[in-house]
Amino acid sequence: WDLKIDRQEDVDNYALAIRVAIDSLEYNKADYSEVNLAVQKANAIDRTYWTADSIAKLDAAVAGVQYGLGVDRQADVDAMANAINTAYNTLQPGPADYTRVNEAINRYVAMNPDYYTPASKNKVQSIIDGINWNLTKAQQDVVNGYATDISFAILDLVEAQADYTELDAIIDSI
């Protein structure tokens, strides 16, 4: 700092060299390892299991990743990983498959109800009436149980006895 004015050009060159060196500095890249793990986890889901809305949120979080940020933006990169993980952790199972339940009910409905005792018909009907139609794929075992219960109740239907009242009255009148 003790150069004289006749060395001003040297001072200016030093300043220029420092400015060029500073301008050519690049930040180290941010660490994307957590983002990459979250994206891999998101890509590995069974997309048929979850609701479309919750998958859309997960897809939006994955699409929101901005790659190539520097270490000065590590907090932003960490927030991206957190957004993906949050969307992943809040995925909602889709509705359960009631196909087997509907098939069992259709088998029952196709039967002639006059052929069976009221008590055995009531057993089947009470199972049908007790079905929760709002279960998710996470509760598919319960739904499958409904189908099984209906099928067994159908097998347990008791045939009604013929009504001999009129016949008995005729015979008694002879």
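Look up a bit, the structure's there.
By convention here, each chain's residues receive numbers from 1 onward along its written sequence. In view of the model being predicted, local features appear only for residues whose pLDDT reaches at least 70, and side-chain atom pairs are presented and counted only at 80 or more, with totals across whole chains, interfaces and linings using the full set of residues. Computation of side-chain values: all heavy atoms of the structure, hydrogens and water removed.

Colleague: What exactly am I supposed to notice about the overall build of the protein chain here?
Modeller: Secondary structure summary: the protein chain contains eight helices and zero strands in total. Helices and strands appear in the protein chain in the N-to-C order α-α-α-α-α-α-α-α. Computed over C-alpha atoms, the radius of gyration of the protein chain comes to 37 Å, more than 25% over the 16 Å expected from 2.2 N^0.38 for 174 residues, which places it beyond the range of a compact globule. A principal-axis box enclosing the C-alpha atoms of the protein chain has dimensions of 150 × 20 × 20 Å. In DSSP terms, a helix is any run of H or I states spanning at least four residues, a strand is any run of E spanning at least two, and both are numbered starting from the N terminus. For a compact globule the rule gives 2.2 Å times the number of residues to the power 0.38, and the radius of gyration it is set against comes from C-alpha atoms.

Colleague: It is not clear to me how helix 7 (residues 140-155) should be interpreted in this structure. Could you clarify?
Modeller: Working note: α-helix, 3.6 residues per turn, so residues spaced by three or four point in the same direction. Under the convention used throughout, the expected extent of a helix is 1.5 Å for every residue step, that is, one less than its residue count. With 16 residues, helix 7 should reach 22 Å at 1.5 Å per residue; the first-to-last C-alpha distance of 23 Å fits that figure. Burial classification: accessible surface area is computed with a 1.4 Å probe over protein chains only, and a residue below 20% of its type maximum counts as buried, one above 50% as exposed, and the rest as partly exposed. Where helix 7 is concerned, the buried positions are Q140, V143, Y146, A147, I150, A153 and I154. Along helix 7, the residues classed as buried sweep out an arc of 155° about the axis, all on the same side. Opposite the packed face of helix 7, turned more than 90 degrees from it, sit the exposed residues D141 and L155. When checking whether two residues touch, look at their non-hydrogen atoms; a contact exists if any pair is within 4.5 Å. On its buried face, helix 7 is in contact with helix 5 (99-109) and helix 6 (118-129). Working note: the arc is built from the helix axis to C-beta atom directions.

Colleague: What is the right way to read a nonpolar patch on the surface from this model?
Modeller: A grouping of L3, V11 and Y14 is seen on the molecular surface, where their side chains present a nonpolar patch of about 260 Å² in accessible area. With respect to the secondary-structure elements, Y14 resides in helix 1 (residues 8-23). We classify Y14 as partly exposed; its relative accessible area is 48%. Exposure above 30% relative accessible area and the lack of any salt bridge qualify a residue for a patch; like charges then connect within 9 Å, and the nonpolar side chains Val, Leu, Ile, Met, Phe, Trp and Tyr within 5 Å. Areas reported as accessible are Shrake-Rupley estimates using a 1.4 Å probe. Residue values count occlusion only from the protein chains shown. The term salt bridge refers to a pairing of a side-chain nitrogen on Lys or Arg with a carboxyl oxygen on Asp or Glu at a separation within 4 Å.

Colleague: Would you take a moment to explain the pattern of salt bridges for this structure?
Modeller: Working definition: two side chains of opposite charge can pair if their charged atoms are close together. Tallying each qualifying case throughout the model produces four salt bridges. Close ionic contact of R7 with D10 constitutes a salt bridge, the shortest N to O distance being 2.6 Å. Take D10: its relative accessible area is 27%, and that puts it in the partly exposed class. Where R47 meets D59, a salt bridge forms, and the shortest distance between an N and an O atom there is 2.5 Å. Separated by twelve residues along the polypeptide, R47 in the loop between helix 2 (33-43) and helix 3 (52-63) and D59 in helix 3 bring together distant segments of the chain. When its relative accessible area of 42% is taken as the criterion, R47 is described as partly exposed.

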